[in-house]
Amino acid sequence: MARVLGTGHAVPRHVVTNADLTAFMETSDEWIQQRSGIRERRWSRQGFATQGEARNVDLALEALHMALSSAKIDSSALDAVVYATITPDEEFPGSGVLLQELLAPAKAVPVFEVRNHCAGFIYALAVARAYIDSGTYKHVAVIGCELQSTGLLLSSAGRGTAVLFGDGAGAFVLGASTFDQPGIIGIELCSDGAFADKLGVDAPGFARACALQASHFDGEQPLTAPRMEGQLVFKMASQKMPEVIRKVLQKCGLGLENLDVIVPHQANQRIIEMVGRDLGCPEKIISNIARYGNTTAASIPLALSEAVTQGKIQHGQLVCLVSFGAGFSWGAALIRW
Ligand code: ACO
């Protein structure tokens, strides 16, 4: 069985408060806090970074080093890296090889991206777990990392999404557990492409006659900026996350009463609270969205790694990771810590 040997996280140093955003768009600290629970986020976007700009892979590397150090293994012991992101530094090659270039000593191990948006980390974890459980690899790193800030539209036209997203990274190092050791005991994944047009970014898109042109950046809703049917996303996320938690628990022969900690995707504090109320255990839910905003594929490993360093997750506890996002895609993972 695969188990989590170590966790790590990293965020850019520069804090952007809700008040800072009022310089670019018609918004307010009160609106943002009431609707999302977000007070501040970390951005490495030019003009906000005080110490130079970070790339996606730089944040990933910092998180991975922390995870390797808590796992007490060296990067040379990694057999594969699975990297979840929707904000890669380059169109290609993928973030995995850009990270591999920074890892020393480098080995020619397989590295690749999983692009499943807010649910990306749980999908990547499922892939890594399968490699370990099948005996293919001994140590696999799973990364969730986003550099959202450079893709946000900083104007009143973009305020519906720009105030929500932040930059950050989280990483797990997985290894094999022996029979009596804890580990990842269940993962449930779901997708429904009927909702593919409800949340996304349209350009660049290679199905277009011209994948990227100047007009894609123009107007009130440029094709390069995120678009979202916020209320539908809210409703579906609040329903699907408790549903998939119940499903994975049932498949593992466990119940809600067995759960100790829930680490949900940090999309919105109101969604997180609705999930807690639905399950009847709001006190078990970890939330750090107030300080980091929505960091998409990074939000779960970032919240979990931070909770581990704060002593909020103890050996032997039953931890549930749960996410919902674009696609729509969602899923849950059960880990005996
Ligand atoms: N500041 C001030 N006013 C704003 C802002 C802003 N940043 N953004 C929108 N408004 C305005 C709108 O223009 C609108 O004005 P109008 O009434 O004059 O037309 C008004 O506020 C209400 O807008 P709505 O979009 O209807 O606001 P809503 O109450 O739905 O809240 C929100 C928006 C917070 C996005 C909500 O729909 C939500 O939480 N959705 C969940 C989706 C989510 O969290 N997505 C994150 C990414 S996806 C994921 O991670 C799962």
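Up top is the structure these notes are about.
What you see is a predicted model, and the numbers here were worked out from it, not measured in a lab.

**With respect to the pattern of salt bridges**
Counted according to the given criterion, the structure contains 10 salt bridges. Ionic pairing is found between Lys247 and Glu188, a salt bridge with its closest N-O pair at 3.9 Å. Here Lys247 is found in helix α7 (residues 230–251), whereas its partner Glu188 is found in strand β8 (residues 184–191), with 59 residues between them in sequence. Residue classification places Lys247 among the partly exposed positions, given a relative accessible area of 36%. Judged by its relative accessible area of 8%, Glu188 is buried. Across the pair Glu306 and Arg291 runs a salt bridge, and its minimum N-O distance is 2.8 Å. Of this pair, Glu306 sits in helix α10 (residues 299–309) while Arg291 is found in helix α9 (residues 289–292), placing the two residues 15 residues apart along the sequence. Within the structure, one salt-bridge network assembled from shared partners comprises Glu188, Lys247 and Lys251.

**Details of α7**
In this model, α7 (22 residues) spans 31 Å end to end at C-alpha, consistent with the 32 Å of a helix rising 1.5 Å per residue. Within the span of α7, buried status applies to Val233, Phe234, Met236, Ala237, Ser238, Lys240, Met241, Pro242, Val244, Ile245, Val248 and Leu249. With its phi angle positive at about 70 degrees, Gly253 sits one or two positions after the end of α7.

**Remarks on the packing of helix α3 (residues 56–71) against helix α4 (residues 95–102)**
Helix packing geometry: the angle between the two helix axes and the distance between the axes. Closest axis-to-axis distance for the α3/α4 pair is 10 Å, and the angle between their directions is 60 degrees. The orientation of α3 with respect to α4, classified from their angle, is oblique. Between α3 and α4 lies a crossing of right-handed hand. Of the residues in α4, those touching α3 at Val57, Asp58, Ala60, Leu61 and Leu64 are Ser95, Leu98, Leu99 and Leu102. Taken together, the residues of the contact of α3 with α4 sort by class into 7 nonpolar, 1 polar and 1 charged.

**Describing the site of the ligand**
Within the structure, the ligand sits among 22 residues, and Thr27, Arg35, His265, Asn268 and Asn294 are positioned closest to it. Residue Arg35 places a side-chain N or O atom 2.4 Å away from an oxygen atom belonging to the ligand. Contact with the protein chains covers 72% of the free accessible surface of the ligand, which is 1,000 Å². Of all the elements in the fold, those that place two or more residues in the shell around the ligand are α2 (29–36), α6 (159–162), α7 and α8 (269–279). The greatest single-element share of the shell around the ligand, amounting to 4 residues, is contributed by α7. Its residues assigned to classes, the shell around the ligand shows 11 nonpolar, 7 polar and 4 charged.

What counts and what doesn't
- Residues numbered from 1 in each chain as written.
- Predicted model: local features only at pLDDT ≥ 70, side-chain atom pairs only at ≥ 80, totals over all residues.
- Heavy atoms only, no water.
- Salt bridge = Lys/Arg side-chain N within 4 Å of Asp/Glu carboxyl O.
- Helix = DSSP H or I, 4+ residues; strand = E, 2+ residues; numbered from the N terminus.
- Buried < 20%, exposed > 50% of the residue type's maximum accessible area, 1.4 Å probe, protein only.
- Expected span 1.5 Å × (residues − 1).
- Axes fitted to C-alpha atoms, helices over the stretch in contact; angles between N-to-C directions.
- Parallel < 35°, antiparallel > 145°, perpendicular 65-115°, else oblique.
- Left-handed = near helix turned anticlockwise from the far one by under 90°.
- Contact = heavy atoms within 4.5 Å.
- Nonpolar A, V, L, I, M, F, W, Y, C, P; charged D, E, K, R; others polar.
- Near = heavy atom within 4 Å.
- Polar contact = N/O pair within 3.5 Å; in protein donor to acceptor, adjacent residues only side chain to side chain.
- Areas by Shrake-Rupley, 256 points an atom, 1.4 Å probe, with all protein chains shown as cover.

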